[in-house]
Amino acid sequence: MNKTELIDHIAQQADISKAAAGRALDAVIGGVKATLKTGGSVTLVGFGTFAVGKRTARTGRNPRTGAAIKIKAAKVPKFRPGKALKDALN
């Protein structure tokens, strides 16, 4: 499912226009991004938790030349599914 299909699904389930569903989805995604950017986490009960993880600096290899390169430390988004989501899949 891509973003357009998700907007169509939201519009149909909530009985709202596709434009309103698109704005609502953009607002949710924007809220999650803003919270993660400040280092917080977003918990949706029954769905899961979005959080920020830390990846340490490390040494990698250029696959073309085999030369060693330094990879900087980075913050990465992580998602941990909730129990209800796991149960729905199994």
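S.K.: What should I look at first to understand a nonpolar patch on the surface in this one?
M.R.: Together, Leu 44, Phe 47 and Phe 79 make up an exposed nonpolar region whose accessible area comes to about 250 Å². With respect to the secondary-structure elements, Phe 47 resides in the loop between β1 (42-44) and β2 (48-55). On the accessibility criterion, Phe 47 (37% relative accessible area) is partly exposed.

S.K.: Where do I start with helix α1 (residues 3-14) in this structure?
M.R.: Within an α-helix, residues lying three or four positions from one another point in the same direction, as the helix has 3.6 residues per turn. Between its first and last C-alpha atoms α1 spans 16 Å; for 12 residues at 1.5 Å apiece the expected length is 16 Å, and the two agree. The backbone nitrogen of Thr 4 has a side-chain oxygen 3.1 Å away, supplied by the residue at the start of α1, namely Asn 2. Phi turns positive one or two residues past the end of α1, at Asp 15, with a value near 55°.

S.K.: Can you walk me through the pattern of salt bridges in this structure?
M.R.: Note on pairing: side chains with opposite charge can pair once their charged atoms come close. Taken as a whole and judged by the stated rule, the model has 3 salt bridges. Residues Lys 3 and Asp 26 are paired through a salt bridge, measuring 2.7 Å at the closest nitrogen-oxygen approach. In this pair, Lys 3 is assigned in helix α1 and Asp 26 in helix α2 (residues 18-37), connecting sequence segments 23 residues apart. In this structure, the salt-bridge partner of Lys 18 is Asp 8, at a minimum N-O distance of 3.4 Å. Note that Lys 18 is positioned in helix α2 and Asp 8 in helix α1, a separation of 10 residues in sequence. Given the relative accessible area of 54%, Lys 18 is considered exposed.

S.K.: Would you mind going over the pairing of strand β3 (residues 58-61) with me for this structure?
M.R.: Here is the key point about a regular strand: its side chains alternate between the two faces of the sheet. Here 4 bridges tie β3 to strand β4 (residues 68-71), and the two strands are oriented antiparallel to one another. Bridging from a neighbouring strand, Gly 60 pairs with Ile 69 of β4.

S.K.: I would appreciate a short explanation of the pairing of β2 in the present structure.
M.R.: Two strands pair when backbone bridges link them, and β1 and β2 are joined in this way by 3 bridges, in the antiparallel orientation. Paired with Val 42 across the two strands is Phe 50, which belongs to β2. Counting the residues that bridge the hairpin from β1 to β2 gives 3 residues, and of these Gly 46 lies at a positive phi of roughly 90°. Examined bridge by bridge, β2 and strand β5 (residues 74-81) share 8 bridges and lie antiparallel to one another. Note that in β5 the partner of Phe 50 across the bridge is Phe 79.

S.K.: Just to check I follow, could you spell out the sheet that holds β5 for this structure?
M.R.: Paired through their backbone hydrogen bonds, the strands of a sheet run either parallel or antiparallel. Pairing in this open sheet of 3 strands is antiparallel, and the strands run β1-β2-β5 from one edge to the other. The open sheet has two free edges, formed respectively by β1 and β5, since each of these has just one partner strand. Adjacent strand axes in the sheet meet at a mean angle of 30° when their direction is disregarded. Most of the contacts of α2 go to β2, to which it runs at about 40°, and overall it touches β1, β2 and β5.

What counts as what
- Residues numbered from 1 in each chain as written.
- Predicted model: local features only at pLDDT ≥ 70, side-chain atom pairs only at ≥ 80, totals over all residues.
- Heavy atoms only, no water.
- Patch = residues over 30% accessible without salt bridge, like charges linked within 9 Å, V, L, I, M, F, W, Y side chains within 5 Å.
- Areas by Shrake-Rupley, 256 points an atom, 1.4 Å probe, with all protein chains shown as cover.
- Salt bridge = Lys/Arg side-chain N within 4 Å of Asp/Glu carboxyl O.
- Helix = DSSP H or I, 4+ residues; strand = E, 2+ residues; numbered from the N terminus.
- Buried < 20%, exposed > 50% of the residue type's maximum accessible area, 1.4 Å probe, protein only.
- Expected span 1.5 Å × (residues − 1).
- Polar contact = N/O pair within 3.5 Å; in protein donor to acceptor, adjacent residues only side chain to side chain.
- Pairing = 2+ DSSP bridges.
- Axes fitted to C-alpha atoms, helices over the stretch in contact; angles between N-to-C directions.
- Contact = heavy atoms within 4.5 Å.

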